[in-house]
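Analysis of the macromolecular model
The primary structure of each chain is shown beneath.
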Amino acid sequence: MGKNRIIRILGNIIGNIVVHKVLIRYTNKPESIHHLEREVDIYGDDTLDLVNEFNWNEKDKELIKEKIFKKFKKDMEKHYGDVNYKKEEIEELINETMEDYFL
């Protein structure tokens, strides 16, 4: 796979991780927390596999962040409109998640 395709895929996968992290913090269904945490772990494993395929410069990382934010916003509006979260935390959560995978 080419680097541009991997960037799109990483945007989607890490976007899902961020969605799940927000749901863990703000879910209306506490019984779902364990499942959400497992999903984060599974997505994280997939992310590590893809991240290790290329060297990433700052421009690449910014493109990935843009794709993460778009995926996050789309999924939250479409599937989780009833979950209230602090919008100002999202950029910080995206940055923290990126740091977890791009050492």
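Up top is the structure these notes are about.
No experiment lies behind these values; they were computed from the predicted model shown.

1. Focus: the nonpolar core
Counting residues in hydrophobic clusters, the biggest one holds 27 residues, and the most contacted among them are Leu-10, Ile-14, Trp-56, Ile-64 and Phe-102. Listed by contribution, the elements that provide at least two residues to this core are α1 (3–26), α2 (33–51), α3 (58–79) and α4 (88–101). When residues in this core are grouped by element, the largest group, 10 residues, is from α1.

2. Let's talk about α3
When the terminal C-alpha atoms of α3 are compared, their 31 Å separation across 22 residues agrees well with the 32 Å that a helix rising 1.5 Å per residue should span. At its buried positions, α3 is contacted by α1 and α4. You can read the cap of α3 off the contacts: a side-chain oxygen lies 3.0 Å from the backbone nitrogen of Lys-59, and it is on Asn-57.

About the thresholds
Residues numbered from 1 in each chain as written. Predicted model: local features only at pLDDT ≥ 70, side-chain atom pairs only at ≥ 80, totals over all residues. Heavy atoms only, no water. Core = buried A, V, L, I, M, F, W, Y, C linked by side-chain atoms within 4.5 Å. Buried < 20%, exposed > 50% of the residue type's maximum accessible area, 1.4 Å probe, protein only. Helix = DSSP H or I, 4+ residues; strand = E, 2+ residues; numbered from the N terminus. Expected span 1.5 Å × (residues − 1). Contact = heavy atoms within 4.5 Å. Polar contact = N/O pair within 3.5 Å; in protein donor to acceptor, adjacent residues only side chain to side chain.

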